[in-house]
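# A closer look at the structure
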Amino acid sequence: MQHPELAAPMISRAMENYLKTIYRLTTGNDKVSTSRLAQQLNCSAASVTNMLQKLSDLKLVNYEPYQGVTLTTTGNKIALETIRHHRLIELYLAEVLGYSWDKVHDEAEELEHVISEEFEERIDRALGYPTLDPHGAPIPSKDGEIENQTSNSLWDADGGESVKVGRVSDRNPEVLRYLGSIGIFPDAKISVIRRAPFNGPIYIEIGDTEHTLSAELARQIFVVPG
Ligand SMILES: [Zn+2]
């Protein structure tokens, strides 16, 4: 991807993935630790340290060994631009090419790094300047503004509450297929019947049908009052 704010050098795909991950892990927190990053990126602490040093040299992250890491303004901008590509591509694949919502994430993980600014602009226009991706996550604007997204999961809802699905985690295709099969999509209405103690399950109703979800599943569904 070309980043106009950086003359050279090119930001690699691996670097963009680091910036995105740091963005995700620092939302609402101050700093993310090297060990947390290593765990999330599935690589060794040594290679994380190595990459953080490179990103720090490019002034994309604020990094002090043993102190954790945050994004600089430029790093944040690149993370949001990559996320914008990702979510626009997902929506394009779903709406125009007929992909199901469980298949778009993996394609977008690849394509987000390679599309040009013109391609991004054309997708945006073709889709009518959308604000949400197929999983309900907000698409950052061209100038890097992003709407706050709900962080209340279905697991946190109480018995007797009515909620609406805002967003579903897009990480696991099998989870998405299952949730889709029982009618859980953005905007779907859910009545919470009750939640069993400790690790659940949670009993819910969608339409007239009752379902039970494990804590693990319910934590991947983010809801708003509805
Ligand atoms: Zn995705």
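Just so it is clear, the structure is predicted and the values come from calculations on it, not from any experiment.

### Quick word on the packing of helix α1 (residues 13-26) against helix α3 (residues 45-57)
- Look at α1 against α3: their axes get within 11 Å of each other, and the N-to-C directions meet at 95°. On the basis of the axis angle, α1 is roughly perpendicular to α3. Every residue of α3 that contacts α1 at Ala-14, Met-15, Tyr-18, Leu-19 and Ile-22 is listed here: Ser-47, Val-48, Met-51, Leu-52, Lys-54 and Leu-55.
- When grouped by side-chain class, the residues that make up the contact of α1 with α3 number nine nonpolar, one polar and one charged.

### Examining the domain arrangement of the chain
- When its domains are assigned, the chain resolves into domain 1 (13-71) and domain 2 (154-225).
- For domain 1 and domain 2, the distance between their C-alpha centres works out to 32 Å.

### Considering the environment of Val-104
- Assignment of secondary structure puts Val-104 in helix α5 (residues 104-111).
- Its relative accessible area of 0% is what places Val-104 among the buried residues.
- In sequence terms Val-104 and His-135 are 31 residues apart; their C-alpha atoms lie 9.8 Å from each other.
- If near-sequence neighbours (up to four positions away) are discounted, Val-104 is found in contact with Glu-90, Leu-93, Ala-94, Tyr-99, Pro-134 and His-135.

### Notes on the sheet that holds strand β6 (residues 209-213)
- One open sheet accounts for five strands, arranged β6-β5-β4-β3-β7; its pairing is antiparallel. Strands at the two margins of the open sheet, each flanked by one partner only, are β6 and β7 (221-225). Neighbour-to-neighbour, the strand axes of the sheet open up by a mean angle of 45°, direction not taken into account.

### Digging into the pattern of salt bridges
- Taken as a whole and judged by the stated rule, the model has twelve salt bridges.
- For Lys-142, the salt bridge is made with Glu-120, and the minimal N-O distance between the two is 3.1 Å. Here Lys-142 is found in the loop between α6 (117-126) and β3 (162-168), whereas its partner Glu-120 is found in helix α6, with 22 residues between them in sequence.
- Owing to a relative accessible area of 2%, Glu-120 belongs among the buried residues under this scheme.
- Linking Asp-170 and Arg-171 is a salt bridge whose minimum nitrogen-to-oxygen distance equals 3.9 Å.
- For Arg-171, a relative accessible area of 47% gives the class partly exposed.

### Description of the side chain of Asp-102
- For Asp-102, the location among the structural elements is in the loop between α4 (73-95) and α5.
- The class of Asp-102 is buried, set by a relative accessible area of 8%.
- Of the polar contacts made by the side chain of Asp-102, one reaches the side chain of Arg-177; its length is 2.6 Å.
- Not counting residues within four places of it along the chain, the set of residues in contact with Asp-102 comprises Pro-173, Leu-176 and Arg-177.

### Brief notes about the coordination of the zinc ion
- Every protein donor of the zinc ion is accounted for by His-86 (NE2), Glu-90 (OE), His-105 (ND1) and Asp-170 (OD), and the metal-donor separations fall at 1.9 to 2.1 Å.
- Angles of 90 to 144° at the metal separate the four donor atoms of the zinc ion, which places the site in the irregular class.
- Spacing between the donor residues of the zinc ion along the chain follows H-x3-E-x14-H-x64-D. Of this pair, His-86 sits in helix α4 while Asp-170 sits in the loop between β3 and α7 (173-181), and the two are 84 residues apart along the sequence.

### Focus: unusual backbone geometry
- In this structure, Pro-201 follows Gly-200 across a cis peptide bond, with omega equal to 10°.
- The topology assignment puts Pro-201 in the loop between β4 (189-195) and β5 (202-206).
- Even without a glycine there, the phi angle at Asn-42 is positive, about 60°.
- Within the secondary structure, Asn-42 is located in the loop between α2 (34-41) and α3.

Conventions we followed
Residues numbered from 1 in each chain as written. Predicted model: local features only at pLDDT ≥ 70, side-chain atom pairs only at ≥ 80, totals over all residues. Heavy atoms only, no water. Axes fitted to C-alpha atoms, helices over the stretch in contact; angles between N-to-C directions. Helix = DSSP H or I, 4+ residues; strand = E, 2+ residues; numbered from the N terminus. Parallel < 35°, antiparallel > 145°, perpendicular 65-115°, else oblique. Contact = heavy atoms within 4.5 Å. Nonpolar A, V, L, I, M, F, W, Y, C, P; charged D, E, K, R; others polar. Domains from an automatic or database assignment. Buried < 20%, exposed > 50% of the residue type's maximum accessible area, 1.4 Å probe, protein only. Pairing = 2+ DSSP bridges. Salt bridge = Lys/Arg side-chain N within 4 Å of Asp/Glu carboxyl O. Polar contact = N/O pair within 3.5 Å; in protein donor to acceptor, adjacent residues only side chain to side chain. Donors = N, O, S within 2.8 Å, 3.2 Å for Na, K, Ca; no water. Tetrahedral: all angles 85-135°; square planar, octahedral: opposite > 155°, others 65-115°.

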